[in-house]
Amino acid sequence: MSQTVKGVISRSKGAPTELVDVVVPDPGPNDVVVDIQACGVCHTDLAYKEGGINDEYPFLLGHEAAGIVEAIGSDVTHVEVGDFVVLNWRAVCGECRACKRGKPWYCFDTHNASKSMTLTDGTELTAALGIGAFIEKTLVHEGQCTKVNPETDPAVAGLLGCGVMAGLGAAMNTGNVGRGDSVAVIGCGGVGDAAIAGARLAGATKIIAIDRDPAKLQWATELGATHTINGAEVDDVVTAVQDLTDGFGVDVVVDAVGRPETWKEAFYARDLAGTVVLVGVPTPEMKLEMPLVDFFSRGGSLKSSWYGDCLPERDFPMLIDLYEQGRLPLDKFVTERVGLGDVEAAFEAMKGGKVLRSVVELKS
Ligand SMILES: [Zn+2]
Ligand SMILES: [Zn+2]
């Protein structure tokens, strides 16, 4: 039986979000209905609302979520009713050319639910990142559910579903940060601060946080930065990084902003043969112009990080365990807890740079 629940939609470009009735269909053979307990508010949700992703309105927003499996399709074997799960937006297929070559974190054919959720008049909703979790219950593919320690605060666990995982993985997986490395992170919002936490977890001994907002540099320090650079107070970020590293630059730079100017800073702030990781998402009109010889003569590795190159089944339970053991302060990313009707206010707080994450909590 389908069920009707409350969910937050974006009906048209730029219009305020609305809390409306949404119909959640019965799960298809490999689908799962998840009773959402908490869902973080991410920049990507705002980008959907503002038309920055595509124009497939109306959108069902929300995607950084944790909840309890309420119902499963006839062929589901991956989870059971009652499991506590974190949702992910890259359910790997196991069949595509990336999966077959043993690199499933690049999977080119990820799975989503087989049916759409709809408005009560039958209008199909486009679920944000194939999830849609500012809603009491959502429908996803079984592979989008990763079982984790059920003792964990859902507001904390859900954040692994997107931005925090992207940042942690940018440092740990894509950047391959190791013991004794020096790391710089440009942009200290949720993703950048997670990269800082990831660099610390991986054993980096010098972690330089770069931002223009003192409040964000304070968060960065709490999450593991050993040094900070306020970009508004120095003539040149690259020189400032070199000054902190005997004139050489760092081993790994993570660009969590994703603009041509920040990427150039990342490129030149690293040591010879160092690594640049781009995890901030540029917009289509951005262009980069640089001397090609610099790419050759400086050597090293220039990488992009999709979702932190994570494998949810490998990474989510491990990171939750590290959190529960007090070795990864994931709870510091939760700045405020709000209700399902507060998404619009949370977007404003995000735009004002006042929060690392607002998390919508759903009381069942
Ligand atoms: Zn695949
Ligand atoms: Zn996100």
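Placed above this text is the structure.
Predicted model only: the values in this text are computed from it and were never measured.

Some words on the coordination of the zinc ion (ligand 1)
Within the first shell, the zinc ion (ligand 1) binds the protein through Cys93 (SG), Cys96 (SG), Cys99 (SG) and Cys107 (SG), at distances of 2.3 to 2.4 Å. Of note is the zinc ion (ligand 1), whose 4 donor atoms meet at the metal with angles of 104 to 118 degrees in an arrangement that counts as tetrahedral. Residue cysteine 93 is classed as buried on the basis of its relative accessible area, which comes to 15%.

Remarks on the side chain of threonine 17
Position of threonine 17 among the secondary structure elements: in the loop between β1 (3-10) and β2 (18-24). For threonine 17, the side chain forms a polar contact with the side chain of glutamate 344, separated by 2.7 Å. Excluding its chain neighbours within four sequence positions, the residues that come into contact with threonine 17 are Val8, Ile9, Lys49, Leu61, Val343, Glu344 and Phe347.

As for helix α5 (residues 190-202)
Because each turn of an α-helix spans 3.6 residues, side chains separated by three or four positions end up pointing in the same direction. The end-to-end C-alpha separation of α5 is 18 Å, in line with the 18 Å expected for 13 residues at 1.5 Å each. Of all 13 residues in α5, 10 are buried, a share of seventy percent or more. Every buried residue of α5 is listed here: Gly190, Gly192, Asp193, Ala194, Ala195, Ile196, Ala197, Gly198, Ala199 and Ala202. Of the surrounding elements, those touching the buried residues of α5 are α4 (163-174), β11 (182-186), β12 (206-211), α6 (214-222) and β14 (250-255). Note on α5: the residue one or two positions beyond its end, glycine 203, has a positive phi of about 100 degrees.

Brief notes about the coordination of the zinc ion (ligand 2)
Within the protein, the atoms that donate to the zinc ion (ligand 2) are Cys42 (SG), His63 (NE2) and Cys162 (SG), at distances of 2.0 to 2.2 Å. On the primary sequence, the residues serving as donors to the zinc ion (ligand 2) are separated as C-x20-H-x98-C. Linking cysteine 42 in the loop between β3 (31-40) and α1 (43-49) with histidine 63 in the loop between β4 (59-60) and β5 (64-72), this pair joins segments that are 21 residues apart in sequence. Among the residues examined, cysteine 42 registers a relative accessible area of 5% and is labelled buried.

Observations concerning the packing of aromatic side chains
A complete count under the given rule lists 9 aromatic pairs for this structure. Taking 5.9 Å as the distance between ring centres and 55 degrees as the angle between the ring planes, the aromatic pair formed by tryptophan 105 and tyrosine 106 counts as tilted. The exposure class of tryptophan 105 is partly exposed, given its relative accessible area of 24%. Taken together, the aromatic side chains of Trp263, Phe267, Tyr268 and Phe295 make up a single cluster linked through ring pairs. Note that arginine 270 overlies the ring of phenylalanine 267, its terminal NZ or CZ placed 4.5 Å from the centroid.

Reading guide: rules and limits
- Residues numbered from 1 in each chain as written.
- Chains lettered and ligands numbered in written order.
- Predicted model: local features only at pLDDT ≥ 70, side-chain atom pairs only at ≥ 80, totals over all residues.
- Heavy atoms only, no water.
- Donors = N, O, S within 2.8 Å, 3.2 Å for Na, K, Ca; no water.
- Tetrahedral: all angles 85-135°; square planar, octahedral: opposite > 155°, others 65-115°.
- Buried < 20%, exposed > 50% of the residue type's maximum accessible area, 1.4 Å probe, protein only.
- Helix = DSSP H or I, 4+ residues; strand = E, 2+ residues; numbered from the N terminus.
- Polar contact = N/O pair within 3.5 Å; in protein donor to acceptor, adjacent residues only side chain to side chain.
- Contact = heavy atoms within 4.5 Å.
- Expected span 1.5 Å × (residues − 1).
- Phe/Tyr/Trp six-rings, centres within 6.5 Å; stacked < 30°, edge-to-face > 60°.
- Lys NZ or Arg CZ within 6 Å of the ring centre and 35° of its normal.

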